[in-house]
Amino acid sequence: MKLRYAILLLGLGLMIGATPGRGYAQTPAEPELMEPEVAEPEDLDLEGLEPAPAEPEMPETEAAEPGLSAIGAYNLGVERYNSGDYTAALEAFDTAIAKDPGLANAYLYRGLIYSEQGDYDRALIDLNQALSLDPSNANALFARGSVYYRQGESSQAQADFNAALELNPDSVGAYLYRGLIDTQQGRHDLAIEDFSTAIELTPDNPTAYVLRGFALERVNNYTAAVADFSRAIELNGDLPRAYMGRGVSYYHLGLFDAALSDLNEAVSRDPELARAYLNRSHVYFRQGRPSRALEDLDRAIELSPELAEAYMSRGTIRADQGNLRGAQQDFARVLQLNPDSAMAYKQKGDALLQAGDPTAAIADYTEALFLDPAYAAAFKARGDARLSTGDVFGAIDDYSQALAAQPSYLEAYSARGSAYLQVNQPQNAYQDLTQAIVSSSNSADPRLFYNRGVVRARLGDDAGARRDFEQAAQLFLQQGEAAGYRQTLNQMSQL
């Protein structure tokens, strides 16, 4: 059986802010880095790591009569099933059922074969019949639960796994599947508990360690996740997804060289594992190797054309490199695949704003905010776009909403302070800029001091203005910004 479970990383991006030239320095948007995250449950792909179905118990063997009896046909079917000859197995189970319609395990085996072939409707018919004949058949409950799981019927699947565990508390596969369902529904502690129980029952089961590793990543316990992935690799060194999972944990721990080594191993062992290329691209980006990152993203998209996260990441890097048309195309593709992606609208708006189309950018930011009304960065970005069109009061309103959503958003204080300055509200501007300066752990932005110097000058505080301009000039000089340094000296000369 092939369950669905894999790990993905979101793109690393820059929030591109507007810098309208109004005769005073603007505070540029800080880079908005998106940390890697584990995949949403519906994107999970566990091919090659699925819990194996419990093999049904065989009835007492009976010598096959000429033409085969029901039991003889059944035993032949089991033999063919175990050898992987599903066509011959189906014929044998058909014969067994025709001769004895009450042979529950024949329906069970035939249901397993239909499930393997992806014919879930026929599988459910047979598994329901097996349970009708034998309601306490834990194997049939487990098998039916796995079919429901693969159909996305999580509630029905969980009910079957619960019932199977009541009948057989040692059913490792039921714990693994139930843990996956808990992961889907955000019950990560329960998932970890089920995976841990599976490990207690089968300490040498690499699948259980891989699944628990992914669950531990969801609760940000990356050190423990590394230990689980490492144990899985010790038990079975040919698990590309275990290397991929451990690489992602290393990434979160800041161990980029170790992350790259594991992701290289994942790609080497499975050259068609699209998410391994996606994940490796983030390591390359962190290491300052955007060209290699783009190569990996191109490969991920080639292997999985509907991998939205790869388009998101590629669009972000393209925007960072100035390829704004390519970035817009990538974000548009994300929205085709996932129309409810607020982040894609926001990133597409950033690219449009950088390309000089603030009106289109505002439309995209508005869509992002419709999808996520608490998206502070989208409010800030829309404020920047409105400011660039001359809508200063609209910008102030957006900056205020950004601060309502995220009260510690220093860039929004800075931007709103600059906007207040434009509409001749120096006292409000002074309060916002001071808040940004005082709250910042690293007040090394010369524009903050420059803008507050302008405000103080308007308020008649020449001494305070001079101190701010001197601080701004020193910081501009240290950072090699000659234009800002000269502009600051010019302001000081007018005091």
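Residues numbered from 1 in each chain as written. Predicted model: local features only at pLDDT ≥ 70, side-chain atom pairs only at ≥ 80, totals over all residues. Heavy atoms only, no water.

What about the packing of aromatic side chains?
The test is simple: Note on ring pairs: Phe, Tyr and Trp rings are taken, using the six-membered ring of Trp, and paired if centres are within 6.5 Å. Classes follow the plane angle, with under 30 degrees stacked, over 60 edge-to-face and the rest tilted. Only DSSP runs of H or I with at least four residues qualify as helices, and only runs of E with at least two residues qualify as strands; both kinds are numbered from the N terminus onward. Only protein chains enter the accessibility calculation, which uses a 1.4 Å probe. A residue is then buried if its area is under 20% of the maximum for its type, exposed if over 50%, and partly exposed in between.
Going through the model one piece at a time under the given rule, you end up with twelve aromatic pairs. Measuring from ring centre to ring centre gives 5.0 Å for Tyr81 and Tyr109, while their planes differ by 70°; the resulting arrangement is edge-to-face. Placement of the pair is Tyr81 in helix 1 (residues 70–83) and Tyr109 in helix 3 (residues 104–116), with a sequence separation of 28 residues. Across this residue pair, the class does not change: Tyr81 and Tyr109 are buried. What links up through ring pairs into an aromatic cluster is the set Tyr74, Tyr81, Tyr86, Phe93 and Tyr109.

Quick look at helix 3
Basically, it comes down to this: For a helix, the expected span equals 1.5 Å multiplied by the residue count minus one. In this description, contact between two residues means that some pair of their heavy atoms is separated by no more than 4.5 Å.
Taking 1.5 Å of rise per residue, the 13 residues of helix 3 would be expected to cover 18 Å, and the 19 Å separating its terminal C-alpha atoms lies within 8% of that figure. Within helix 3, twelve of the 13 residues are buried, leaving the element largely enclosed by the surrounding structure. Regarding helix 3, the residues found buried are Ala104, Asn105, Ala106, Tyr107, Leu108, Tyr109, Arg110, Gly111, Leu112, Ile113, Tyr114 and Ser115. Taken together, the buried residues of helix 3 touch helix 1, helix 2 (86–99), helix 4 (120–133) and helix 5 (138–150). Remark: Gly118 follows helix 3 within two positions and exhibits a positive phi of approximately 80°.

What to know about the pattern of salt bridges
Selection criterion: The term salt bridge refers to a pairing of a side-chain nitrogen on Lys or Arg with a carboxyl oxygen on Asp or Glu at a separation within 4 Å.
Counting across every chain of the model gives 31 salt bridges. The partner of Arg212 in a salt bridge is Asp228, and the shortest N-O contact between them spans 2.6 Å. Of this pair, Arg212 sits in helix 9 (residues 206–218) while Asp228 sits in helix 10 (residues 222–235); the two residues are 16 residues apart in sequence, bridging distant segments of the chain. An identical accessibility class is assigned to Arg212 and Asp228; each is buried. Taken together, the shared-partner salt bridges in this structure form one network comprising Asp298, Arg314, Arg318 and Asp330.

A short note on the side chain of Arg246
Among the structural elements, Arg246 can be located in helix 11 (residues 240–252). Its relative accessible area of 15% is what places Arg246 among the buried residues. Aside from chain neighbours lying at most four places away, what touches Arg246 is Val226, Phe229, Ser230, Ile233 and Asp262.

Some words on the environment of Pro135
Among the secondary structure elements, Pro135 is positioned in the loop between helix 4 and helix 5. For Pro135, a relative accessible area of 60% corresponds to the exposed category. Through-space distance from the C-alpha of Pro135 to that of Ala104 is 9.8 Å; in sequence the pair is 31 residues apart.

Quick word on the packing of helix 9 against helix 11
As a reminder of what qualifies: Inter-axis angles, ranging from 0 to 180 degrees, are taken between N-to-C directions of lines fitted to C-alpha atoms, where helices are fitted over the stretch in contact. If an angle is under 35 degrees, it is roughly parallel; if it is over 145, roughly antiparallel; if it lies from 65 to 115, roughly perpendicular; otherwise it is oblique. The handedness criterion is simple: a crossing whose near helix is rotated anticlockwise from the far helix by less than a right angle is left-handed, and one whose near helix is rotated clockwise is right-handed. Under the scheme applied, nonpolar residues are Ala, Val, Leu, Ile, Met, Phe, Trp, Tyr, Cys and Pro; charged residues are Asp, Glu, Lys and Arg; polar residues are all the others, including Gly.
Between helix 9 and helix 11, the least distance of the axes is 10 Å, while the angle of their chain directions is 25°. With respect to their mutual orientation, helix 9 and helix 11 come out roughly parallel. Both helix 9 and helix 11 take part in a crossing whose hand is left-handed. Contacts from Val210, Phe214 and Glu217 of helix 9 reach helix 11 at Arg241, Ala242, Gly245, Val248 and Ser249. When its residues are assigned to classes, the contact of helix 9 with helix 11 shows four nonpolar, two polar and two charged.

What about helix 6 (residues 154–167)?
Given 3.6 residues to a turn, an α-helix orients residues that are three or four positions apart in the same direction. Applicable threshold: The arc under discussion is defined with respect to the helix axis, by the directions toward the C-beta atoms.
Counted at 1.5 Å a residue, the expected span for helix 6 with its 14 residues is 20 Å, and the 20 Å between its end C-alpha atoms agrees. For helix 6, every residue scored as buried is listed here: Ser154, Ala157, Gln158, Asp160, Phe161, Ala164 and Leu165. Seen from one end, helix 6 has its buried residues packed into an arc of 160°, which puts them on one side. Every exposed residue of helix 6 that faces more than 90 degrees away from the buried side is listed here: Ser155 and Glu166. Buried residues in helix 6 make contact with helix 5 and helix 7 (172–184).

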